[in-house]
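# Remarks on the overall topology
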Amino acid sequence: MRVRIAGDAAFLTIKGVTRGATRAEFEYEIPLQDAEQLLELSDGPILEKNRYVLVHEGSRWEVDEFLATTPGS
């Protein structure tokens, strides 16, 4: 599971088992205040990244560039 804040919006993402190069993902918008509280509860590192979306020959690729890791509380 992942909690993500993007500007004034926040999202909860649930990721399934990876099969080959794909996996099921379900993403839901949640209140910003809920996301901030969930991140405070995290005992793992908090990652910062940029995501780039590329479309090539009809396929969509999402490439993540990881920038920093902040230790959890």
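Residues numbered from 1 in each chain as written. Predicted model: local features only at pLDDT ≥ 70, side-chain atom pairs only at ≥ 80, totals over all residues. Heavy atoms only, no water.

### A closer look at the environment of Phe66
Of note, Phe66 is situated in strand 5 (residues 59-70). It is 20 Å that separates the C-alpha atoms of Phe66 and Ala9, two residues lying 57 residues apart in sequence. Apart from the residues lying within four places of it in its own chain, the contact partners of Phe66 are Leu47, Glu48 and Lys49. (Helix = DSSP H or I, 4+ residues; strand = E, 2+ residues; numbered from the N terminus. Contact = heavy atoms within 4.5 Å.)

### Structural notes on the environment of Lys15
With respect to the element layout, Lys15 can be found in strand 2 (residues 9-15). Sequence separation between Lys15 and Phe26 is 11 residues; the distance between their C-alpha atoms is 6.5 Å. The residues touching Lys15, leaving out its near neighbours within four places in the chain, are Arg2, Arg23, Ala24 and Glu25.

### With respect to a nonpolar patch on the surface
A cluster of nonpolar side chains, namely Met1, Ile14, Phe26 and Tyr28, defines an oily patch on the protein surface of about 470 Å² accessible area. With respect to the element layout, Ile14 can be found in strand 2. The exposure class of Ile14 is partly exposed, given its relative accessible area of 34%. (Patch = residues over 30% accessible without salt bridge, like charges linked within 9 Å, V, L, I, M, F, W, Y side chains within 5 Å. Areas by Shrake-Rupley, 256 points an atom, 1.4 Å probe, with all protein chains shown as cover. Salt bridge = Lys/Arg side-chain N within 4 Å of Asp/Glu carboxyl O. Buried < 20%, exposed > 50% of the residue type's maximum accessible area, 1.4 Å probe, protein only.)

Purely geometric stuff here, so don't read any function into it on its own.
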